[in-house]
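# Observations on the three-dimensional arrangement
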Amino acid sequence: MINLSNQNLIDDKKYIFDYNFSELEEKIIENGYEKFRATQIIHWIINKNVTNFDEMLNLPRQFRAFLSSQFKITALNINTEQSTDDAATTKILFGLEDGSNIETVQMKYDPDSIIDNSSHRTTICISTQAGCAMQCIFCATGLQGLKRNLSTSEIIGQILYFSKTRKITNVVFMGMGEPLANYENTIRSIKWLISKNGFNLRQRGITVSTVGLVDKIERLAQEKLQIGLTISLHAPNNELRKILVPTNVKTTIDELIDAGKKYQEITKRRVTFAYALLEGVNDHEEHAIELASKLVNTATHVNLIPYNPIDTEKLRRPSMNKINLFSKILNEKGVNTTIRYERGTEIAAACGQLNTSSFNNVKK
Ligand code: SF4
């Protein structure tokens, strides 16, 4: 709950989306204005892309002055934008007030796309932290370390930016950071996304991806939402996982699978396990067999993510033959898989490549 006391002119201005909708209504009522004004403000911001209270023309002038004295709308500055040659993938480097940077990726899937046939799907891959503490060895964000959690307004700001130009259908919490390590702001953002008083997105169009904070997965299940969950396994056994996800050593593969099964039971949503395929590290046939033995009969799904190169020469992507064989073994043993199509590798926007310095290194 935001502390609404001591709010005072300019120095104490709060970002609108750091309140939830009810808190915003409360704030408006306690200052002597009508409750329905909250709906009007949010409509101007989300549906009309207005970023200045003075442009909200159906609001009384005095109320607009009050809003300008108490609130701010935009929490992010746009530093740089890059798109792939086919314009299907765009990455933005946003600047935060404290000088930190984050990256956000938009992926457009058009009916005539050569990449797939999904119709008019637009997915935004958003960040929840500046950097990340989890240190997955194949991830550029992990190599940067954690700077801080993002606020709700900084998370929502990424959506607001992209929703100006194209309707967003899907949001994946798979950008920089571990969303469940910033649990409160992740949930507050999700509630803005799915609320009829907010972005009114389908719950099934939202997916949270976690490297496996088991207690937070259990808490997320209890929120009784219909959002998707992806749990990153990356290894079929604890020994190998300790090397690939070195900060998550206390959590075992069995605990992660159990947490996924419980999430499934409670929400009735199928859980996906992500598995980054690294040549010579976790892509052997015996790894596929071991993984299948753990996941068979769980009714879950495995998303195989061929490694996307970052600034390290230690790791490589397996050959397509090897990737297909890994997938085939799982399928034959009764575990469903998909192989994730790479999007945006040429602008370092693919899975595991976000690191805020890549804008210096890739072709613009
Ligand atoms: S893969 Fe995700 S959890 Fe792991 S270091 Fe990268 S951002 Fe963090």
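Residues numbered from 1 in each chain as written. Predicted model: local features only at pLDDT ≥ 70, side-chain atom pairs only at ≥ 80, totals over all residues. Heavy atoms only, no water.

All told, the structure shown has 11 aromatic pairs when counted by the stated rule. For the pair Phe-17 and Trp-192, a centre-to-centre distance of 4.9 Å together with 75° between the ring planes defines the contact as edge-to-face. Taken together, the residues Phe-17 in the loop between β1 (14-15) and α1 (21-30) and Trp-192 in helix α6 (residues 183-194) connect sequence positions 175 residues apart. Since its relative accessible area comes to 3%, Trp-192 is described here as buried. Ring centres of Phe-17 and Phe-199 lie 6.3 Å apart, and the angle between their planes is 35°; on these two criteria the pair is classed as tilted. Of this pair, Phe-17 sits in the loop between β1 and α1 while Phe-199 sits in the loop between α6 and β10 (206-210), and the two are 182 residues apart along the sequence. Here the two residues Phe-17 and Phe-199 agree in accessibility, since each one is buried. Ring-pair connections join several aromatic residues into one group, and the members of that group are Tyr-19, Tyr-33, Phe-63, Phe-66 and Phe-71. A cation over a ring is seen here: Lys-48 above Trp-44, with NZ or CZ 4.6 Å from the ring centre. Arg-121 extends its terminal NZ or CZ atom over the ring of Tyr-109, reaching a point 4.1 Å from the ring centre. (Phe/Tyr/Trp six-rings, centres within 6.5 Å; stacked < 30°, edge-to-face > 60°. Helix = DSSP H or I, 4+ residues; strand = E, 2+ residues; numbered from the N terminus. Buried < 20%, exposed > 50% of the residue type's maximum accessible area, 1.4 Å probe, protein only. Lys NZ or Arg CZ within 6 Å of the ring centre and 35° of its normal.)

Phi angles above zero are rare outside glycine, and Ala-87 is one such case at about 65°. Using a relative accessible area of 34% as the deciding quantity, one classes Ala-87 as partly exposed. You will see that Lys-268, though not glycine, has its phi angle at about 65°, which is positive. For Lys-268, a relative accessible area of 66% corresponds to the exposed category.

With that out of the way, let us pick up the pairing of strand β5 (residues 101-109). β5 sits mainly inside the fold: 7 of its 9 residues count as buried. For strand β4 (residues 89-95) and β5, the ladder comprises 7 bridges, and the chain directions are antiparallel. When the sheet's bridge partners are listed, Leu-93 is paired in β5 with Glu-103. Linkage of β4 to β5, two consecutive antiparallel strands, is achieved through a turn of 5 residues, within which Gly-99 is found at a positive phi near 95°. Strand direction decides the pairing type here: β5 and strand β6 (residues 121-125), joined by 5 bridges, are antiparallel. Residue pairing in the sheet places Tyr-109 in a bridge with Arg-121 of β6. (Pairing = 2+ DSSP bridges.)

Once that is clear, we can look at the site of the ligand. Surveying the vicinity of the ligand reveals the residues Cys-132, Met-134, Gln-135, Cys-136, Cys-139, Thr-141, Gly-142, Gly-175 and Gly-177. Looking at side-chain class alone, the shell around the ligand contains 4 nonpolar, 5 polar and no charged residues. (Near = heavy atom within 4 Å. Nonpolar A, V, L, I, M, F, W, Y, C, P; charged D, E, K, R; others polar.)

Within the secondary structure layout, Val-249 lies in the loop between α8 (238-244) and α9 (253-267). Put simply, Val-249 and Glu-239 are 10 residues apart on the chain and 9.0 Å apart in space, counted from C-alpha to C-alpha.

In this model, helix α11 (residues 320-332) (13 residues) spans 18 Å end to end at C-alpha, consistent with the 18 Å of a helix rising 1.5 Å per residue. For α11, the full list of buried residues reads Ile-323, Phe-326, Ser-327, Ile-329 and Leu-330. For α11, the angular spread of buried residues about the axis comes to 155°, placing them on one side. Pointing more than 90 degrees away from the buried face of α11 are the exposed residues Asn-321 and Glu-332. Where the residues of α11 are buried, they touch β12 (272-277), α10 (285-295), β13 (301-306) and β14 (336-339). The first or second residue beyond α11 is Gly-334, which carries a positive phi of 90°. (Expected span 1.5 Å × (residues − 1). Arc of directions from axis to C-beta. Contact = heavy atoms within 4.5 Å.)

Before going further, it helps to examine the layout of surface pockets. By volume, the second largest pocket amounts to about 280 Å³. Ile-46, Asn-47, Ser-163, Lys-167, Ile-168, Thr-169, Phe-199, Asn-200, Leu-201 and Arg-202 together form the lining of the second largest pocket. In terms of residue class, the lining of the second largest pocket is made up of 4 nonpolar, 4 polar and 2 charged. (1 Å grid on protein atoms, 1.4 Å probe; cavity = no way out; pocket = protein on both sides within 12 Å on 5 of 7 lines; lining within 4 Å. Points joined across faces, edges and corners; volume = space filled by probe spheres on them.)

With that out of the way, let us pick up the sheet that holds β5. Spatially, β3-β4-β5-β6-β9-β10-β11-β12-β13-β14 is the arrangement adopted by the 10 strands of the open sheet, whose pairing is mixed. Each of the sheet's edge strands pairs with one partner strand only, and the pair in question is β3 (77-83) and β14. Strand-to-strand twist in this sheet, taken as the mean axis angle between neighbours without regard to direction, amounts to 20°. Packing of α11 onto the sheet brings it into contact with β12, β13 and β14, and relative to β14 it is tilted by some 160°. (Axes fitted to C-alpha atoms, helices over the stretch in contact; angles between N-to-C directions.)

Moving on, we come to the domain arrangement of the protein chain. Under the domain assignment used here, the protein chain contains domain 1 (10-72) and domain 2 (77-360). Using C-alpha coordinates to define each centre, domain 1 is positioned 33 Å away from domain 2. On the side of domain 2, 13 residues touch domain 1, which itself brings 13 residues to the contact. Buried area between domain 1 and domain 2, both sides added, is near 1200 Å², and the carbon and sulfur share of it is 57%. Linking domain 1 to domain 2 there are 2 salt bridges. A salt bridge links Glu-97 to Lys-72; the nearest nitrogen and oxygen atoms lie 3.4 Å apart. Going through the elements one at a time, α1 and α2 (37-46) are the ones with two or more residues in the side of domain 1 that touches domain 2. In terms of residues, the side of domain 1 that touches domain 2 owes the most to one element, α2, which gives 3 residues. (Domains from an automatic or database assignment. Buried area = accessible area lost by both parts, 1.4 Å probe. Salt bridge = Lys/Arg side-chain N within 4 Å of Asp/Glu carboxyl O.)

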